[in-house]
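Survey of secondary and tertiary structure
The chain contents come next:
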Amino acid sequence: MNRFQNEESIINSARVLQHVKFECLISKEISEQEQETLRAFCRSGDQEEKAENLIEKIVLAVLNAVVTKNDFVRQLAVPGELRMFAVDEKKAKLPMMALLMARKDLLYVSWSKANRDFEDTLVYFYHISLIDYLFLQDGTWAGMAVKKES
């Protein structure tokens, strides 16, 4: 894989991650004890080897969620390009794992209660429409989801 393909894979990984409800996925896919291990890794880099196994499990669940459009996806309309990226697990898994390992801070923010509260606030106080809610994305990954000009 050349530099351009690596960059595209990281960008596509970030774009996929924008569509995922991490709080739901993580609470369903990994145990409370494993969540504590993951929190420790996200906060301070502790237990990296154990966290890597958990992140692999999360990535596989993310890819499955996007392909099957299950309850862990924020919106019903996932672009076909991203679904095709997620279908090719061999191509998508390693860049997505690398992104989550390198940007564990963003994983933690995306997974945090603050994001859930923000979405609930939008729906409750600002009365966004169901259509707008279906297209709501996690902005945590936005900076990683675009190609930087060189």
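Just above, that's the structure.
In this text the structure is predicted, and so the values were computed from the model without any measurement.

Here we look at the environment of Leu82
Following the sequence through the fold, Leu82 ends up in helix α5 (residues 80-87). Sequence spacing of Leu82 and Leu63 is 19 residues, and the spatial spacing of their C-alpha atoms is 9.7 Å. Sequence-distant contacts of Leu82, defined by excluding residues within four places in its chain, comprise Asn12, Arg15, Val16, His19 and Val66.

Notes on the packing of aromatic side chains
What characterises a pair of aromatic rings is the spacing of the ring centres plus the angle enclosed by the ring planes. Taken as a whole, this structure holds one aromatic pair when the rule is applied. Where Tyr108 meets Trp111, the ring centres are 6.1 Å apart and the plane angle is 80°; that geometry is what we call edge-to-face. A residue pair is termed a helical-turn pair when its members lie 3 or 4 positions apart in one helix, as Tyr108 and Trp111 do in helix α7 (residues 104-111) at three residues. Accessibility expressed as a relative area gives 27% for Tyr108, which makes it partly exposed. Overall, Trp111 belongs to the buried group, its relative accessible area being 7%. Across from the ring centre of Phe41, 5.2 Å away, lies the NZ or CZ of Lys104, which sits over that ring.

Cut-offs used in this document
Residues numbered from 1 in each chain as written. Predicted model: local features only at pLDDT ≥ 70, side-chain atom pairs only at ≥ 80, totals over all residues. Heavy atoms only, no water. Helix = DSSP H or I, 4+ residues; strand = E, 2+ residues; numbered from the N terminus. Contact = heavy atoms within 4.5 Å. Phe/Tyr/Trp six-rings, centres within 6.5 Å; stacked < 30°, edge-to-face > 60°. Buried < 20%, exposed > 50% of the residue type's maximum accessible area, 1.4 Å probe, protein only. Lys NZ or Arg CZ within 6 Å of the ring centre and 35° of its normal.

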